[in-house]
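# Understanding the architecture of this molecule
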Amino acid sequence: MNSLLITGGHVVDPANQLDGPADVLIVNGKISAVGKNLSAPDNTERFDATGKIVCPGLIDLHVHLREPGQTAKETIATGTAAAARGGFTSIVCMPNTAPSIDNAGTVALIHERAAREGVVNVFVTGAITKGIAGEELAPIGGLKKAGIVAITDDGHCIQNNELMRRACEYAKMFGLPVMDHCQDYSLVTEGVMHEGYWSLALGLRGWPAAGEEMIVARNILLAELTGARIHCQHLSAAGSVALLREAKKRGVSISGEACPHHFTLTDSAVAGSEKFWSADGKPLATLQSDNLPAWPAYDTNFKMNPPLRSAKDREAILEGLADGTIEVLCSDHAPHCDYEKEVEFDYAPFGITGLETELALSLMQLVHTKRISLTAMIAKYTVNPARLLNLNKGTLGAGADADVTIFDPTHEWIYQREDSASKSRNNPFFGWKFKGKAIATVVAGKLISCDQRQPVAA
């Protein structure tokens, strides 16, 4: 019998309306009991969580692991290590690998490697179209049988509305949610940053918010037409939030997610740290004390898809998270090699890493500012994504998988390049001071340190 007793912590489990001091007993990889003064079997490993939050294992449903085919950027081993360090016990990998995840064989490959090399749970999404080319549907039924949890062409967006309709119909038939990267290519064209004042001032090609909003509106119409569950990925625009809010009030089966970089930074960051801290960054400067992080203009670590938008858009995303319009938080962890980012802004790839910083950023922008409660934030990382993807995760109920996250919401720390477990370093938050840090993760009853892959000493 393998058992673990987590004592002294403050348990927050939105799925079971738990919010208070309690112990958590794990036996043979399952939650045995949650309560005060629990007795445990002899030789039970113990973890003292006094002063810490104990919650269901955090889930990130939007992660790029880059394996197979792009292992210079990330591997299943390094990506899952970064997830554990960030406090995540389950991640959902995107299908834009090389080859793309558009067949049962590639799904099996990822499952096998994750079982052998991963330190957290890895769930797999399948491509909507073959080769993520947006031209011909992938074998959705075969992918479902192989064990995918959703379909998406993330990194690309299907422009053919009829094809997207058929994808939604098949997805509903097989009980799969459709996760969509919302980008109208005819509006976005060659844009590299948000279209507005700063794109003009910096001489960079603009990416209008309407390029996202147009597809969000399309997805709402298709969700109504087909009855499929459509999930809009990495929302960044105020109009997208307004559309989603109105559709949800009408009972449309539509949902959305937000990433910390979109509700923390704005497009002024592309103009350099001085421009950001002097205006849009003022509310964030207090935690950084007198030593504000610095970066130059045109820093490609601030180039992501969709792009950083205006302060108005940032506020709309925060409001959408606060009122429940946006149900899920995630990272869109997108690692790239240094040499790929060390080019002119126009030519650098989109994307940043985020698994190790998203919890701290969410605490900083949502909880410590009292925009939402700690329970509401944890729900957006646990029960909400689990419900969307039909996962047996996100709960500390008796008999559930023993995936647990332990974090200190008041611990102050500075994120340094050398501290990252990811294979890539394309993150704009190096040098930032954070308040809130994961201490340990428990995956299937096994205690893992967030600072190393070895088990924590009892």
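Quantities reported herein were computed from a predicted structural model and do not represent experimental measurements.

Moving on, we come to the pattern of salt bridges. Under the counting rule described, the total for this entry stands at 21 salt bridges. Taking the shortest distance from any N to any O, the salt bridge between E412 and K433 comes out at 3.3 Å. Note that E412 is positioned in strand β16 (residues 404-414) and K433 in strand β17 (residues 433-443), a separation of 21 residues in sequence. Given the relative accessible area of 22%, K433 is considered partly exposed.

In this structure, I91, L374, M377 and F407 are the most contacted members of the largest nonpolar core, which totals 75 residues. Residues A271, L284, M304 and F434 belong to the second largest nonpolar core, which totals 29 residues.

Next up on the list: the environment of I414. Inspection of the secondary structure puts I414 in strand β16. Residue I414 is classed as partly exposed on the basis of its relative accessible area, which comes to 39%. For the pair I414 and K312, spaced 102 residues apart in sequence, the C-alpha to C-alpha distance is 28 Å. For I414, the contacting residues outside a window of four places in its chain are D419, G431, W432 and K433.

Take the environment of V443 next. Looking at the secondary structure, you find V443 in strand β17. Taking the C-alpha atoms as reference points, V443 and G29, separated by 414 residues in sequence, lie 8.0 Å from one another. Those residues within four positions of V443 in sequence are excluded, and the remaining contacts are T89, V119, V120, N121, A402, D403 and I448.

Residue E67 is joined to P68 through a cis peptide bond whose omega torsion reads 15°. Mapping P68 onto the fold places it in the loop between β6 (58-63) and α1 (76-86). Look at the link from N305 to P306: it is a cis peptide, with omega at -5°. Note that P306 resides in the loop between α11 (282-285) and α12 (311-322). Notably, R66 is not glycine yet its phi reads approximately 70°, a positive angle. Mapping R66 onto the fold places it in the loop between β6 and α1. R66 gets classed as buried once you look at its relative accessible area, which sits at 6%. Here the phi dihedral of T189 falls at roughly 45°; this positive angle occurs in a residue that is not glycine. The class of T189 is exposed, set by a relative accessible area of 54%.

Our focus in this paragraph is the side chain of Q288. With respect to the helices, strands and loops of the structure, Q288 is situated in the loop between α11 and α12. In contact with Q288, other than residues within four places in its own chain, are W277, P293, G431, W432 and K433.

What follows deals with the sheet that holds strand β13 (residues 230-232). Strand order in the open sheet formed by five strands is β9-β10-β13-β14-β15, and the pairing between neighbours is parallel. Sheet topology places β9 (151-152) and β15 (328-329) at the edges, where each strand pairs with a single neighbour. With two bridges joining them, β9 and strand β10 (residues 178-180) adopt parallel strand pairing. Each bridged residue has a counterpart across the sheet, and for T152 the counterpart in β10 is M179.

Let us now look at the sheet that holds β6. Taken in spatial order, the three strands line up as β6-β7-β8 in an open sheet, and their pairing is parallel. The outermost strands of the open sheet, each flanked by one partner alone, are β6 and β8 (121-124). Going from strand to strand, the sheet's axes swing by 20° on average, the running direction of each strand aside. The sheet contact formed by β6 and strand β7 (residues 88-93) spans four bridges and is parallel. Looking at β7, one finds that D60 is bridged to I91.

Each value, and the rule that gives it
- Residues numbered from 1 in each chain as written.
- Predicted model: local features only at pLDDT ≥ 70, side-chain atom pairs only at ≥ 80, totals over all residues.
- Heavy atoms only, no water.
- Salt bridge = Lys/Arg side-chain N within 4 Å of Asp/Glu carboxyl O.
- Helix = DSSP H or I, 4+ residues; strand = E, 2+ residues; numbered from the N terminus.
- Buried < 20%, exposed > 50% of the residue type's maximum accessible area, 1.4 Å probe, protein only.
- Core = buried A, V, L, I, M, F, W, Y, C linked by side-chain atoms within 4.5 Å.
- Contact = heavy atoms within 4.5 Å.
- Pairing = 2+ DSSP bridges.
- Axes fitted to C-alpha atoms, helices over the stretch in contact; angles between N-to-C directions.

Read these as spatial facts, not as claims about activity.
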